[in-house]
Amino acid sequence: MTVKAFGKTILIASLLAAGGAQAQEVVRLGNLKFAHYGAVSYIKEIAPKCGIKVEERVFAKGLDVMQAIIAGEIDVGTTASEAAISGRAGNAPIYVVAGFAKGGARLVAGQGSNIKSVKDLKGKKVGVTRGGIQEVLLMAELQKVGLTADAAPGKDVQLVFLAYADLNQALLGKNIDAMMQSEPQSSQAINKGFGTEIIKPYDTPIGEPVRTMVMTEKFYTTKRPLAEKFMRCFVQATSTFIKDPALAEKYVRDVVFKGQITSDDFRDAMDNASYTYDITPEHIQTTTDIMYKTGVGRMAKPPAAREWVKTDLLDEAKKGLGVK
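Cut-offs applied
- Residues numbered from 1 in each chain as written.
- Predicted model: local features only at pLDDT ≥ 70, side-chain atom pairs only at ≥ 80, totals over all residues.
- Heavy atoms only, no water.
- Phe/Tyr/Trp six-rings, centres within 6.5 Å; stacked < 30°, edge-to-face > 60°.
- Buried < 20%, exposed > 50% of the residue type's maximum accessible area, 1.4 Å probe, protein only.
- Helix = DSSP H or I, 4+ residues; strand = E, 2+ residues; numbered from the N terminus.
- Core = buried A, V, L, I, M, F, W, Y, C linked by side-chain atoms within 4.5 Å.
- Contact = heavy atoms within 4.5 Å.
- Pairing = 2+ DSSP bridges.
- Axes fitted to C-alpha atoms, helices over the stretch in contact; angles between N-to-C directions.

K.L.:
How would you sum up the packing of aromatic side chains? Please name residues and give values.
P.N.:
All told, the structure shown has nine aromatic pairs when counted by the stated rule. With a centroid separation of 5.4 Å and 55 degrees between ring planes, the pair formed by Phe-34 and Tyr-37 is classed as tilted. The buried category is assigned to Phe-34, whose relative accessible area is 4%. With a centroid separation of 4.7 Å and 70 degrees between ring planes, the pair formed by Tyr-37 and Phe-100 is classed as edge-to-face. With Tyr-37 in the loop between strand 3 (26–32) and helix 3 (38–46) and Phe-100 in strand 6 (residues 94–103), the pair connects residues that are 63 residues apart, well separated along the chain. Here Tyr-37 matches Phe-100 in class, with each residue buried.

K.L.:
Tell me about the nonpolar core, and please be specific about residues and values.
P.N.:
In terms of nonpolar packing, the biggest core is built from 99 residues, with Leu-121, Met-213, Met-215, Phe-230, Met-231 and Phe-234 touching the most fellow members. Of all the elements, helix 10 (residues 224–243) adds the most residues to this core, at nine residues. Ignoring anything within four residues of it in the chain, the contact list for Met-213 reads Val-40, Val-76, Gly-77, Thr-78, Tyr-95, Val-96, Val-97, Ala-98, Phe-100, Phe-230, Met-231 and Phe-234. In this structure, Val-108, Leu-167, Ala-170 and Leu-171 belong to the second largest nonpolar core, which totals eight residues.

K.L.:
Could you give an account of unusual backbone geometry, with specific residues and numbers?
P.N.:
Residue Pro-184 is reached from Glu-183 by a cis peptide bond, and omega for that bond is 15 degrees. Tracing the backbone shows Pro-184 in the loop between strand 11 (178–182) and helix 8 (185–191). Of note in this structure, Lys-174 is not a glycine but carries a positive phi near 60 degrees. With respect to the secondary-structure elements, Lys-174 resides in the loop between helix 7 (164–172) and strand 11.

K.L.:
Account for the sheet that holds strand 12 (residues 195–199), naming residues and giving values.
P.N.:
Strands sit in the order 9-10-8-11-7-12 across an open sheet of six strands; the sheet is mixed. Edge strands, defined here as strands with exactly one partner in the open sheet, are strand 9 (149–150) and strand 12. When strand 9 meets strand 10 (residues 157–161), the two strands line up parallel, connected through two bridges. If you follow Asp-150 over to strand 10, its bridge partner there is Gln-158. On top of the sheet, helix 7 reaches strand 7 (105–110), strand 8 (125–128), strand 11 and strand 12; it is set at about 145 degrees to strand 11, its chief contact.

Geometry only, nothing functional implied.
And the structure:
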């Protein structure tokens, strides 16, 4: 197919090639649907001001994000650290380039269960999402008090692996006695009266878990200018949410959850989480070591954090925007 211009034939293909630069300004983002992932979702709203377009896909869990990265379907993904670590251990071509949220986990018992501490979980059924940071934290807490756990009978605690979306219903229906859950779902269980907090599980060597932003090695290496623009946009979005909690609440409740959570749910969730930018190799290494020790992720060869945690893009973006 051709067109005429000044008496000369110009191939449509040439015109498309000339517009190719614009097509390269698209960043494919994989994200999850949690309250503390909201600032990352907000990137797509301000992306045009950053000179880019962000196409967001929402996944059910972090391991799904890893699969999409391996399949070449996304350039940047958000996940808890354990999915990134497991992915890297399985040769996923990724770098950790930033942290975006801290906390966001809670051990919740069923109302009337008389479970007051981690030790009281002996002989109980505890729901958790397989491979999530919640599983890592649960295993670390159980290990602290000398309890064993497995999905098969015979251990001190029987694990029941469920998707995040199914844990609350299982607790409400008394199919499990307790759950290690994310936010805002754990706050919803408490606010609706069928759950009660046992602990916020931040007293292990991991401390508050930091959620990770990962970038494919190819995107990081071959599309550096676009990666730099994206990272600046991430810092701007996060800074906006930190400075304007009302905007953050409205966006997460109205856009991310489409009115499915209340103001109390959101505020209680964010009392147990916070937006951030930063990540350190030390935090990732500690999480890796505990995963290996407790068997979460079943890694034959745990990756060394110093080899794949790269914060240079983040450092440049923060410096350029005057963010500490």
